[in-house]
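Remarks on the overall topology
The lines below spell out each chain.
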Amino acid sequence: MVESAKARGRIPNARRQFLKAGLTAAGGTLAVASGVKAAQPDPKITEIQDWNRYLGDGVDASPYGSPSQFEADIVRRNVPWLTADATSSVNFTPLYALDGTITPSGLCFERHHGGVAVINPADHRLMIHGLVDRPLVFTMDDLKRFPRENRVYFLECAANSGMEWRGAQLNGCQFTHGMIHNVEYTGIPLRFILEEAGVKADAKWLLAEGADAAAMTRSIPIEKVMDDCLIAFKMNGEALRPEQGYPVRLVVPGWEGNMWIKWLRRLELGDKPWAQREETSKYTDLLANGVARRHTWVMDVKSVVTNPSPQAPLTHSKGRTVATGLAWSGHGRIAKVDVSIDGGRNWSEARLEGGTSKGVYRFYHDFDWDGAELFLQSRAIDEAGNVQPTKDQLRAERGENSIYHNNGIQTWHVRQDGVTENVEVS
Amino acid sequence: MSKFLRPLIAVGFLGGLVLVAQPASAQDAANGEKIFKRCSACHAVGPGAKNKSGPTLNGVVERKAAAVEGFRYSKAMTEAGKNGLAWTEEHLSEFLAAPRKKVKGTKMAFAGLKKDKEIADIIAYLRQFADDGSAAKPEQANADGAIQSNPGMAEAEPEANASEAEMAEETKKQQQTGAGEDVAAAPKAEIADGAGESVDASAGDEEAAGQDVAMAPPPPSGGPMNIGRPALEDEIAAWDIDVRPDGKGLPEGSGTVAEGEGIYDERCASCHGAFGEGEGRWPVLAGGQGTLTDERPEKTIGSYWPYLSTVYDYVHRAMPFGDARSLTDDETYAVTAYLLYLNDLVKDDFELNSKNFSGIDLPNHDGFKPDDRQSEPQNAENAQAELCMKDCKEGPAEITMRARVLDVTPDNADSDEQDELGEGAID
């Protein structure tokens, strides 16, 4: 496999590194770092290193800091054959390289329908109109006078794992599960904006619209709007990144990412939904019988092991190891995550570390690897009692053309040499 | 588009009369820039421009064909380049008029520009960009002796959705900078005579609106926190263009299948195909009826979309891709009518208008149901019993499918080997 991959001659660094890593583990005898056979003193210890002798950069060498040069491979990546053009496309969060629960702002996956709008906040306006007592216009300065909150939420694209309906296809959790990110938002409860305008009694729906070249629109029921939606202008403490809707975006906790309108400029109250393109032709779930579900807003309970995974193989021989991953549910908190290393025959409850309602949870399964092949799976259960289903259960019920809302259990096959592959098992 | 061009061309003609034989100039280039928006879904130009589904066009004028490194040209284009085809004004003009006639087998799906003036303007625009996307040297850029050395790109309007008022403003600016004092000093009424009423009227509106915003001190919102200001009717009208299935929001107007065909061929077909079949991975718009239960359903306006209002709304707000909101209400009616025709839902003499719109049901109108995921049987199955923790399945796990077989993961896959699975899932 390695040879054929090399023959293509187009293997970028990340790929090459994990192939190499796999080989090293397979060789076993090359395991210098393991320390077991370290008969010779390690020159990295016995010799004085440059960084230990000479001065490094001073302050301000990088006024807005960047990750270490040794992390240059950890980037969002896309799947070019998925879409016609990068201006209406998606890239994926490198989940395999992250830990904890918060996604760094620059690694949050991107999904645009008309490219990234570039808007000077001084030129941005937010309008609210329709079934309200007082149609209003706000500037960004106006918005910052409303009371605001800090909340951590996941944003998952409804099409996350959508390429896996017909079977294992993409080799890496970045691609199978990377249309998700989890950040802390600073924003205004949307109900404050509605109350400022005065909502009329017959207003049952809100249309939210973006200022981008797609003028993205979605209809949202008023109950959700008044419950927990935010108008956010900060993520992880800093201004929203342009690709995440700078200067202001909608936050619709637990619901599909497409509804989280970026570059938010307009809120219209009405008595019926608008049946916009992204809630009829797209983001509806076609079932095997030819009927499609619409208004499938909530993101169901889901989890995935992020390490080991195809882009992050095991690089050591048998012994103590850690399997870790993420779990989340649009219904609220995660109650429990189970991990199986034998393809769902036996399960162990994983340790949860950090997490919020409608945000991601980090789980760890610490175990002694006996060096045999593994079929790693994770299964999440949320506080409402929803259990993450198998992919086969979903297919039996929905067929293979739903595209959206695939929350089935993922299997990684870890070989004895540590190389890991996306598979499906009996 | 044609509606926008008309005043511009008329004014250009007037300027020509006053100045006598104005050669290719910044004005042509500026006009070319507007026309280029039709190309921008597939081509980028300027500093930092990268290949899209078409190659970057920096330095394209006078360059050899198929010369952009890293772009995968069609065999036909590569051959043409090898055989010495270069994009001189003459060859480029022929190509832009009928791409597939000039280079048979080109990947470029664009049908071609019909007007010589548009072709000349586009070339004047592209001529401004050197190989690296910077401004070409003036003598090179305006080789044929333009009056001003300031290329139009320096003043480029960043907005994609040039309103008619902006067009009028742009026209005035060009006259002032490009055409000299004579025209700039001419009373507005004279320009209006030459350019048609719309220019004068919309320019006037713009000024009036500008004054409102600048002069009126914002009254308080009147809400509980007294934040924000009242939205003006004109402001709401400018943004509130959404159309609902019950017809709410639909503007007065009409358009025929025949009118729609002309607009579609020029503005839509390069991505969506001459018959709505979709070029490459661009969305398929027509056909597919009866395929929703197939292994590979084809979801189109005719086979899947429940409401015609969605077509009108979406075309009006977001199409043509890269030149959003450039179609007038009537043009949108016409394109919508033509899309109905491509889906065999109306005859070729059909006119769609605000009266008959709500009477048209799309075939899959009843093909949707509310979200009932919670009632799916696996939820009950999984929740009922204690979740199994030990010996839940018999026998060891056997691999039934592996991703490596398909080998479509990026970094690992040549784009020739892409699999059909999931293709078009995102658009």
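In this text, all values refer to a predicted model and were calculated from it rather than measured experimentally.

Description of the overall build of chain B
If you tally the helices and strands in chain B, you get 18 helices and five strands. Across chain B, contacts joining residues at least 24 apart in sequence account for 57% of those joining residues at least 6 apart. When the accessible surface of chain B is summed, it comes to about 21000 Å², and 53% of that surface belongs to carbon and sulfur atoms.

Quick word on unusual backbone geometry
The amide bond that connects Asn 307 of chain A to the next residue, Pro 308 of chain A, takes the cis arrangement and shows omega of -10°. Structurally, Pro 308 of chain A can be placed in the loop between strand S15 (302-307) and strand S16 (319-328). At Trp 263 of chain A, a position not held by glycine, the phi torsion is positive, near 50°. Here Trp 263 of chain A lies in the loop between strand S11 (249-251) and strand S12 (264-270). Backbone geometry places Glu 62 of chain B, a non-glycine residue, at a positive phi of 80°. Inspection of the secondary structure assignment puts Glu 62 of chain B in the loop between helix H2 (26-36) and helix H3 (75-82). According to the relative accessible area criterion, Glu 62 of chain B is partly exposed, its value standing at 45%.

Section: the interface of chain A and chain B
Interface size is commonly expressed as the accessible surface area that is lost when the partners come together. Facing the 119 residues of chain A at the interface are 98 residues of chain B. When the two sides are added together, the surface that chain A and chain B hide from each other amounts to roughly 9300 Å², 52% of it contributed by carbon and sulfur. Area buried by chain A at its contact with chain B is led by Trp 81, Arg 166 and Arg 345 of chain A, which between them contribute 8% of it. Inspection of the region where chain A meets chain B yields 11 salt bridges. A salt bridge links Lys 248 of chain B to Glu 268 of chain A; its shortest N-O distance comes to 3.9 Å. On inspection of chain A and its partner chain B, the count reaches 49 residue pairs in polar contact (both at pLDDT 80 or more). Broken down by class, the residue content of the side of chain A that touches chain B amounts to 47 nonpolar, 35 polar and 37 charged.

Some thoughts on the sheet that holds S16 of chain A
All names here are of chain A. Taken in spatial order, the four strands line up as S15-S16-S20-S19 in an open sheet, and their pairing is antiparallel. Looking along the sheet, the strands with just one partner apiece sit at the ends: S15 and strand S19 (351-353). Each neighbouring strand pair of the sheet contributes to a mean axis angle of 30°, computed without reference to strand direction. Pairing between S19 and strand S20 (residues 361-369): three bridges, direction antiparallel. Of the residues in S20, the one forming a bridge with Arg 351 is Tyr 364.

Examining the pattern of salt bridges
Following the criterion strictly, the structure yields 49 salt bridges over all chains and no others. Note that Asp 417 of chain A is salt-bridged to Arg 415 of chain A, the shortest N-O span being 2.6 Å. Close ionic contact of Lys 117 of chain B with Asp 28 of chain B constitutes a salt bridge, the shortest N to O distance being 2.7 Å. Pair noted here: Lys 117 of chain B is in helix H6 (residues 116-126) and Asp 28 of chain B is in helix H2, with a separation of 89 residues, a long-range link. Residue class for Lys 117 of chain B comes out partly exposed when judged on its relative accessible area of 38%. With relative accessibility at 14%, the residue Asp 28 of chain B sits in the buried group.

Let's talk about the pairing of strand S22 (residues 411-414) of chain A
All names here are of chain A. Residues Thr 411 and His 413 of S22 are buried on one face, and the alternating residues Trp 412 and Val 414, pointing to the opposite face, are buried as well. Judged from the four bridges that link them, S22 and strand S23 (residues 420-425) form a sheet pairing that is antiparallel. Each residue of the ladder has a partner; that of Trp 412, found in S23, is Asn 422.

Here's the deal with the state of the cysteines
All names here are of chain B. Tallied over the entire structure, the rule returns one disulfide over all chains. The residue that forms a disulfide with Cys 388 is Cys 392, at a sulfur-sulfur distance of 2.1 Å. As the torsion about the S-S bond is roughly -100°, the Cys 388-Cys 392 disulfide counts as left-handed.

Considerations on the nonpolar core
Of all hydrophobic cores here, the largest spans 67 residues; its most connected members are Ile 128, Leu 190, Ile 193 and Leu 267 of chain A. In contact with Ile 128 of chain A, other than residues within four places in its own chain, are Pro 135, Leu 136, Phe 138, Ile 193, Leu 194, Ala 197, Leu 267 and Leu 269 of chain A. Within the second largest apolar cluster, 42 residues are counted, among which are Leu 250, Tyr 304, Val 311 and Val 346 of chain B.

Concerning the packing of helix H13 (residues 257-267) of chain B against helix H16 (residues 329-342) of chain B
Residues and elements named next belong to chain B. H16 packs onto H13 with a crossing angle of 95° between their chain directions and a minimal axis gap of 7 Å. As judged from the angle between their axes, H13 and H16 are roughly perpendicular. Contacts between H13 and H16 involve Val 257, Glu 259, Gly 260, Glu 261, Ile 263 and Tyr 264 from the first element and Glu 331, Ala 334, Val 335, Ala 337, Tyr 338, Leu 339, Tyr 341 and Leu 342 from the second. Of the residues in the contact of H13 with H16, the class split is 10 nonpolar, one polar and three charged.

Focus: helix H4 (residues 89-97) of chain B
All names here are of chain B. Taken as a whole, H4 has its buried residues at Leu 92, Phe 95 and Leu 96. Projected down its long axis, H4 carries its buried residues within an arc of 95°, all on one side. Along its buried surface, H4 packs onto H3, helix H5 (99-102) and H6.

Description of empty space enclosed by the protein
A probe as big as a water molecule, rolled over the atoms, marks out the empty space that is left. Residues and elements named next belong to chain A. Summed over the entire model, instances satisfying the criterion amount to 12 cavities of 30 Å³ or more. Considering only enclosed or pocket space, the largest cavity measures out at about 230 Å³ in volume. The wall of the largest cavity is formed by 19 residues, among which Arg 111, Arg 249, Gly 257, Asn 258 and Lys 262 lie closest to the centre. Classifying every residue of the lining of the largest cavity by side-chain character gives eight nonpolar, six polar and five charged.

Observations concerning helix H7 (residues 190-197) of chain A
A turn of α-helix holds 3.6 residues, and therefore any two residues three or four places apart point the same way. All names here are of chain A. Burial runs high along H7: six of the eight residues are buried. Within H7, burial applies to Leu 190, Phe 192, Ile 193, Leu 194, Glu 196 and Ala 197. Phi for Gly 198, located one or two positions after H7, is positive at around 80°.

Let's talk about the packing of aromatic side chains
The full count for this structure, using the stated rule, is 18 aromatic pairs over all chains. Relative to Phe 357 of chain B, the ring of Tyr 312 of chain B lies with its centre 6.1 Å away and its plane at 85°, an arrangement referred to as edge-to-face. With a gap of 45 residues between them, Tyr 312 of chain B in helix H15 (residues 308-318) and Phe 357 of chain B in the loop between strand S3 (351-353) and strand S4 (368-369) connect regions that are remote in the sequence. Exposure class is identical for Tyr 312 of chain B and Phe 357 of chain B. Each is buried. Each residue in the set Trp 205, Trp 255 and Trp 297 of chain A is aromatic and connected to the rest through ring pairs, giving one cluster. Against the face of Trp 239 of chain B rests Arg 265 of chain A, its NZ or CZ located 4.2 Å from the ring centre. Positioned over the ring face of Tyr 304 of chain B is Lys 299 of chain B, at 4.8 Å from the centre of the ring.

Each value, and the rule that gives it
Residues numbered from 1 in each chain as written. Chains lettered and ligands numbered in written order. Predicted model: local features only at pLDDT ≥ 70, side-chain atom pairs only at ≥ 80, totals over all residues. Heavy atoms only, no water. Helix = DSSP H or I, 4+ residues; strand = E, 2+ residues; numbered from the N terminus. Contact = heavy atoms within 4.5 Å. Areas by Shrake-Rupley, 256 points an atom, 1.4 Å probe, with all protein chains shown as cover. Buried < 20%, exposed > 50% of the residue type's maximum accessible area, 1.4 Å probe, protein only. Buried area = accessible area lost by both parts, 1.4 Å probe. Salt bridge = Lys/Arg side-chain N within 4 Å of Asp/Glu carboxyl O. Polar contact = N/O pair within 3.5 Å; in protein donor to acceptor, adjacent residues only side chain to side chain. Nonpolar A, V, L, I, M, F, W, Y, C, P; charged D, E, K, R; others polar. Pairing = 2+ DSSP bridges. Axes fitted to C-alpha atoms, helices over the stretch in contact; angles between N-to-C directions. Disulfide = S-S within 2.5 Å. Core = buried A, V, L, I, M, F, W, Y, C linked by side-chain atoms within 4.5 Å. Parallel < 35°, antiparallel > 145°, perpendicular 65-115°, else oblique. Arc of directions from axis to C-beta. 1 Å grid on protein atoms, 1.4 Å probe; cavity = no way out; pocket = protein on both sides within 12 Å on 5 of 7 lines; lining within 4 Å. Points joined across faces, edges and corners; volume = space filled by probe spheres on them. Phe/Tyr/Trp six-rings, centres within 6.5 Å; stacked < 30°, edge-to-face > 60°. Lys NZ or Arg CZ within 6 Å of the ring centre and 35° of its normal.

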